[in-house]
Amino acid sequence: MGEHLFQSFFLIFTGAAVIASLALYTRQPLLVAYIALGALLGPYGFGLINDVNLVTEMSHIGIIFLLFLLGLDMQPKALLSVLQKATSVALISSAIFAVMGYIIGYAFGFSHQENLIIGMAMMFSSTIIGIKLLPTTVLHHKHTGELMVGLLLFQDFLAILCLMILLSGDLGKVDPQQFGMTIAALPALGLAAYLFVRFILLKLIAKFDRFHEYIFLLAIGWCMGLAEFASMIGLSAEIGAFIAGITIATSPIAQYIAISLKPLRDFFLILFFFSLGARFNLGLLGDVIIASLVLAAAILIIKPITFRVLLGRMSEKKSLAWDIGFRLGQISEFSLLIVFMAVTNGMIGDRASVLIQATAIMTFLVSSYIVIFNYPNPIAISDRLRRD
């Protein structure tokens, strides 16, 4: 077992290092490279890694850390200010994208339940691509950066609500009573976490903050502990991790914890994206390729137009509205997480799963190219657009 696991890790991480180098040289998004590696090495590719169940289970830790760090970056006061500007645009646009996904799924013969999840997956834009292609200059502090961050954060909240919906029922059949209990458990968990942080955790951090190893372990223990507790009371581990992050976001040591845990998060996220690719059934791609092309084209066209119109109605400049629209003109890594959850819980079939994953990969690539060649970004080909 140990030798098999070592060989799998060797193939995954050595392969990821090679393919990531190629992706950076050719200016491709790294997460697409990891998914492609999984498809090549997995059971539907060359079959070098046939058992992806263990990798998939381990990769779940990466999602828990991702949501923990997302919570750590959310300063409550600044968050409320930004969300006030972006709420209406995020709600209306998400509804439009969900309906569009449902209609296209229906046109290609998917079931009602699968269409609901397809529509759900279309609602979000990629935080990773959106932030990575936003210049690390003063643009972050300008109106463009503020609106983008606000829209992405509100979408993150909607994504967490969608995860709650997916996890609240049996095989996608949402039980209203169980869902109501889940909603009621959320503020109770938040209050309990706040009290624990205020009266115990922060005191431990203040007393032993010079021991970096202890702070590192304490952060992991808090994240994993609240994630497990949330799972025990009917929520999800992801929601518990998110609340764990928010409750210590105002602590002076929050950014140190975030920086310390990012390499660990990246380690498990590589496994997550690899496992998505390994579960990508290339044999079914031919069955959904037309639907994927139509869905991807709709996303790439309708998302920028929708953001342009909605932001224009808020009296934003036309150039700024198009800029944000194209930067958010793809679906999200949260969409892939929704697929992962839906497949794990038997809510959608393989064809619908492949459809959403193929759409994600296509929109990641095309939208990245659009931004790289037309808007200021850190990896632009043109010196005129490159902003480091």
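Note that this is a predicted model, so its numbers are computed, not measured.

For the protein, the count of helices and strands is 15 helices and 0 strands. Every one of the 388 residues in the protein was classed for burial, and the buried ones make up 51%. Within the protein, counting contacts between residues at least 6 apart in sequence, those at least 24 apart form 79% of the total. Summed over its atoms, the accessible surface of the protein is roughly 17,500 Å², and 68% of this surface lies on carbon and sulfur atoms.

Turning to the layout of surface pockets, a few remarks are in order. Once rolled over the atoms, a probe with the size of a water molecule shows which space is left empty. Quantified by volume, the second largest pocket comes out at close to 440 Å³. Breaking the lining of the second largest pocket down by element, the ones donating at least two residues are helix 7 (143-168), helix 8 (176-208) and helix 10 (237-247). In terms of residue count, the dominant contributor to the lining of the second largest pocket is helix 8 (7 residues).

Here we come to the environment of V371. Here V371 is to be found in helix 15 (residues 350-374). Overall, V371 belongs to the buried group, its relative accessible area being 2%. Filtering out sequence-adjacent residues up to four positions away, V371 remains in contact with L133, F326, R327 and N377.

For the pair helix 2 (residues 30-41) and helix 11 (residues 254-278), interaxial distance at closest approach is 6 Å and the crossing angle is 50 degrees. As summarised for this structure, helix 2 and helix 11 are arranged oblique, according to the angle between their axes. Crossing of helix 2 against helix 11: the hand is right-handed. Of the residues in helix 11, those in contact with L31, Y34, I35, L37, G38, A39 and L41 of helix 2 are I270, F273, F274, G277 and A278. For the contact of helix 2 with helix 11, the residue count by class is 10 nonpolar, 2 polar and no charged.

In this section: helix 5 (residues 112-122). Most of helix 5 is tucked away: 8 of the 11 residues are buried. Of all the positions in helix 5, only E114, N115, I117, I118, G119, M120, A121 and M122 are classed as buried.

Counted by the stated rule, this structure contains 2 cavities of 30 Å³ or more. Space inside the largest cavity adds up to approximately 50 Å³. Along the walls of the largest cavity sit I63, L66, I128, L269, F272, F273, E333, F334 and L337, which together make up its complete lining. Mapped onto the lining of the largest cavity, the elements with two or more residues apiece are helix 3 (53-72), helix 11 and helix 14 (333-344). Among the residues forming the lining of the largest cavity, the class breakdown is 8 nonpolar, no polar and 1 charged. Reported here for the second largest cavity is a volume of approximately 30 Å³.

All right, on to the pattern of salt bridges then. Under the defined criterion, the tally for this structure stands at 2 salt bridges. When the shortest N-O distance is used, the salt bridge between R265 and D266 registers 2.8 Å. On the accessibility criterion, R265 (18% relative accessible area) is buried. Taking the relative accessible area as the measure of exposure, D266 reaches 33% and is therefore partly exposed. In this structure, the salt-bridge partner of R327 is D323, at a minimum N-O distance of 2.5 Å.

Glancing now at the side chain of S353. For S353, the location among the structural elements is in helix 15. Judged by its relative accessible area of 7%, S353 is buried. Here the side chain of S353 touches Q357 through a polar contact of 2.8 Å, side chain to side chain. Those residues in contact with S353 that sit more than four places away from it in its chain are V339, V343 and I348.

Cut-off values and rules
Here the residue numbers are simple positions, counted from 1 along each chain's written sequence. Where totals are concerned, whole chains, interfaces and linings use all residues; where local detail is concerned, this predicted model gives features only for residues with pLDDT of at least 70, and gives and counts side-chain atom pairs only at 80 or more. Remark: hydrogens and water are excluded; side-chain values derive from all non-hydrogen atoms of the structure. What counts as a helix is a DSSP run of H or I of at least four residues, what counts as a strand is a run of E of at least two, and both are numbered from the N terminus. Accessibility here uses a 1.4 Å probe with only protein chains present; expressed as a share of the type maximum, an area under 20% marks a residue as buried, one over 50% as exposed, and anything in between as partly exposed. When checking whether two residues touch, look at their non-hydrogen atoms; a contact exists if any pair is within 4.5 Å. Each accessible area is a Shrake-Rupley result for a 1.4 Å probe, and residues are judged covered by the shown protein chains and nothing else. Think of a 1 Å grid over just the protein atoms. A cavity is a set of points where a 1.4 Å probe fits yet cannot get out, a pocket is an open set with protein on both sides within 12 Å along at least five of seven lines, and lining residues have an atom within 4 Å of a point. Grid points are joined across faces, edges and corners, and a volume is the space filled by probe spheres set on the points. Axes, fitted as lines to C-alpha atoms, cover a helix only where it is in contact. Angles between the N-to-C directions of the axes lie from 0 to 180 degrees. Angles below 35 degrees are treated as roughly parallel, those above 145 as roughly antiparallel, those between 65 and 115 as roughly perpendicular, and all remaining angles as oblique. Handedness of a crossing follows from how the near helix is turned relative to the far one, being left-handed for an anticlockwise turn of less than a right angle and right-handed for a clockwise one. Residue type decides the class: Asp, Glu, Lys and Arg count as charged, Ala, Val, Leu, Ile, Met, Phe, Trp, Tyr, Cys and Pro as nonpolar, and the leftover types, Gly among them, as polar. For salt bridges, the criterion is a side-chain nitrogen of Lys or Arg within 4 Å of an Asp or Glu carboxyl oxygen. Counting of polar contacts relies on pairs of N or O atoms within 3.5 Å, with two restrictions inside protein: one atom must be capable of donating a hydrogen and the other of accepting it, and residues adjacent in sequence are counted only when both atoms are side-chain atoms.

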